[in-house]
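Structural characterization, general
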Amino acid sequence: MINFIQQEIENDLKAGKYTNGIHTRFPPEPNGYLHIGHAKSVCLNFGLALHNGGLCNLRFDDTNPTKEDVEFVDSIQEDIKWLGFDWGDRKFFASDYFGKFYDYAVELIKRGLAYVDELSAEEIKAYRGTLTEPGKESPYRNRTIEENLDLFTRMKAGEFPDGSKVLRAKIDMASPNINMRDPVIYRITRTTHHHTGDDWLIYPMYDFAHPLEDAIENITHSVCTLEFEDHRPFYDWLLDSLGFDPNSRPRQIEFARLDLTNTITSKRKLRQLVEEGHVRGWDDPRMPTLCGLRRRGFTPAAIKDFCERIGVAKSNSVVDISMLEHCVREDLNENADRVMAVLDPLKVVLTNVDENSVEYLTAENHPKRGGSRFVPFTREIFIEREDFMEDAPKKFFRLKPGGEVRLKHAYIIKCEEVIKNSAGEVVELRCTIDPTSKSGGATAGRKIKGTIHWVSAKFAMSAEVRLYDYLLTTDAQGNLPEDFIAALNPNSLIVKQALIEPSVRWTGTGTHYQFLRLGYFVVDPDTTADKLVFNRVVGLKDTWAKVKER
RNA sequence: AGGGGUAUCGCCAAGUUGGUAAGGCACCAGACUCUGAAUCUGGCAUUCGUUGGUUCGAGUCCAGCUACCCCUGCCA
């Protein structure tokens, strides 16, 4: 792992800082499901710790009870575990530190660095100034320490209504950095907290809580996204003001969040997709949520490999989704067994095969890892409709009238007759097999250009196959319009009734396969004893499709 | 307009004291192939947002300019 953050860590170590080891944290707010963008952060934080022989905490940044819920603390843990990271016994909640935060706030007041303000929210906003004009000081800014202490104590005790008072840091209303213009650090909100119940009426703001929770946990490197760069001066101000040792206290380092082409990563928009029913739920295989990717069939290894490959830097960038797809293909190519399935069946009758004959052919499960199974071969089979063309171009080396093709693991067949219905559509092919060409046999050596997959009509099982495409076909995720719903790909889900070889009968949810020549698939949890359901993870690379386009 | 950032191939991204542009994805060409997959081979930035300057020599130093991103929640 080499990135600029790792280099900073090494520089710190070289400078004699952080002699107790490196300690990072992944600090999600439990207000939504983790998505691929969070995976980057998870991999970075846990990866940095692992790489430096340190530790990474899981910490729920739950300082705003109005937006958070236990539903999310559960799913977040499940997703991180699934990725393969372990926080040991270091699962923390910012809310566990509310008592300490309060004490630090009191300390700040005692040092004359915080005051209770009773300006309304609107007034505070007006007093804050603008980007180009300085703010002005609140009339309550210069209360005595005693008065501030008394008021803050009473805020905690519930003597004042919600929103009537706030605690503010006393810094500089004229700072060119708006975050330093006396930021609010405590507000009154009578909301039941998912973790602390009704213990508190006042809640700390992120800016105040974050540096403290990092310091409390002895975090050395607090990694966050770019938009917090402006907040770093306050992060440092707070810890310095409270007397934390500059050589051991945490330091904040920012990196660019992940953006992916064809992918929605806005929490709000993802929620809209779920709530308005444009997808089946948070774990819909089209969703970029980790639970969605999991159901789609992406593997932890692929996602971690992806996060490693995209790197970590500070420039806003949009990674091409093909990078992610490459990573799953690479993993699944290595690890998924191969099997034959036909998505769009065309019946083929092999006229020189006996009607009652069933031949069990040996088929390898994986070109490199080996293993084998039996595949029944019968007089009537189905092939992929796409694998036959009546007026085939020279470059088409699959089945055509009078042409030959190899049936994978079986025989070379020759197309003798094309049968059509009254509408002129091809409904059946009559072919003959070359009995000397049996795969693996002594005389199987005859070379033929094309090889296609097939399935026995008598023994094939039916299966529901769900083919997915991007929710966004045009690449506009960066500046998605409000009505992005209208731009959703109407073909993001296509359901097919497919036919599949019987060897998969006893398969289980989450098992990956490569359907020969079609792509990688995974068994969906909707699968029951009498209904198989597969999701297509990703198709195979298809150079024929490119040739066809020309 | 004030502050904070970023600008290296179509997309990510290395490039640490200035010494003459890694790698991956994508793409293209070919080999191989009982998956038009995989694999293998080769190709793919005289140029680093831009303009000047310093220097024997600059993506790396200096100055100016430009573009884009973030910041005026009692959100995180």
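Attention here is on the structure that accompanies the text. (Residues numbered from 1 in each chain as written. Chains lettered and ligands numbered in written order. Predicted model: local features only at pLDDT ≥ 70, side-chain atom pairs only at ≥ 80, totals over all residues. Heavy atoms only, no water.)

**A few points about the state of the cysteines**
Evaluated as defined, the whole model comprises zero disulfides. Lacking any disulfide linkage, C43 is separated from the closest cysteine sulfur, that of C307, by 3.9 Å. Take C43: its relative accessible area is 10%, and that puts it in the buried class. For C307, a relative accessible area of 7% corresponds to the buried category. (Disulfide = S-S within 2.5 Å. Buried < 20%, exposed > 50% of the residue type's maximum accessible area, 1.4 Å probe, protein only.)

**Looking at the packing of aromatic side chains**
Scanning the entire structure with this criterion turns up 22 aromatic pairs. Between Y206 and F228, the aromatic rings sit 5.0 Å apart at their centres with planes inclined by 35 degrees, giving tilted as the arrangement. Remark: F228 occurs in the loop between β8 (221–225) and α8 (232–241) and Y206 occurs in helix α7 (residues 206–216); sequence separation between them is 22 residues. The lysine or arginine in question, K156, covers the ring of Y102, its NZ or CZ lying 4.9 Å from the ring centre. One cation-aromatic arrangement involves K165 over F160; the distance from NZ or CZ to the ring centre is 4.0 Å. (Phe/Tyr/Trp six-rings, centres within 6.5 Å; stacked < 30°, edge-to-face > 60°. Helix = DSSP H or I, 4+ residues; strand = E, 2+ residues; numbered from the N terminus. Lys NZ or Arg CZ within 6 Å of the ring centre and 35° of its normal.)

**Structural notes on helix α3 (residues 70–83)**
With 14 residues, α3 ought to run about 20 Å at 1.5 Å a step, and its terminal C-alpha atoms sit 20 Å apart, in line with that. Of all the residues in α3, the buried ones are F72, V73, S75, I76, Q77, D79, I80, W82 and L83. For α3, the side-chain oxygen to backbone nitrogen distance between the N-cap and E71 is 2.8 Å, and the N-cap itself is D69. (Expected span 1.5 Å × (residues − 1). Polar contact = N/O pair within 3.5 Å; in protein donor to acceptor, adjacent residues only side chain to side chain.)

**Thoughts on the protein's contact with RNA strand B**
Around RNA strand B there are 70 residues in total, and R338, F397, K408, S439 and T543 lie nearest to it. Close to the protein, within 4 Å, the atoms of RNA strand B are drawn from sugar and phosphate at a rate of 67%. T63 has a polar side-chain atom sitting 2.8 Å from a phosphate oxygen of RNA strand B. One nitrogen or oxygen atom from the main chain of A121 is found 3.1 Å from a base nitrogen belonging to RNA strand B. When its residues are assigned to classes, the surface near RNA strand B shows 25 nonpolar, 21 polar and 24 charged. (Near = heavy atom within 4 Å. Nonpolar A, V, L, I, M, F, W, Y, C, P; charged D, E, K, R; others polar.)

**Thoughts on the side chain of S241**
Here S241 lies in helix α8. Apart from the residues within four sequence positions on either side, S241 is in contact with L108, R111 and L113. (Contact = heavy atoms within 4.5 Å.)

**Digging into a nonpolar patch on the surface**
Taken together, the side chains of V358, Y360 and F374 present a nonpolar region at the surface, about 320 Å² in accessible area. By the secondary structure assignment, F374 is in strand β16 (residues 372–377). (Patch = residues over 30% accessible without salt bridge, like charges linked within 9 Å, V, L, I, M, F, W, Y side chains within 5 Å. Areas by Shrake-Rupley, 256 points an atom, 1.4 Å probe, with all protein chains shown as cover. Salt bridge = Lys/Arg side-chain N within 4 Å of Asp/Glu carboxyl O.)

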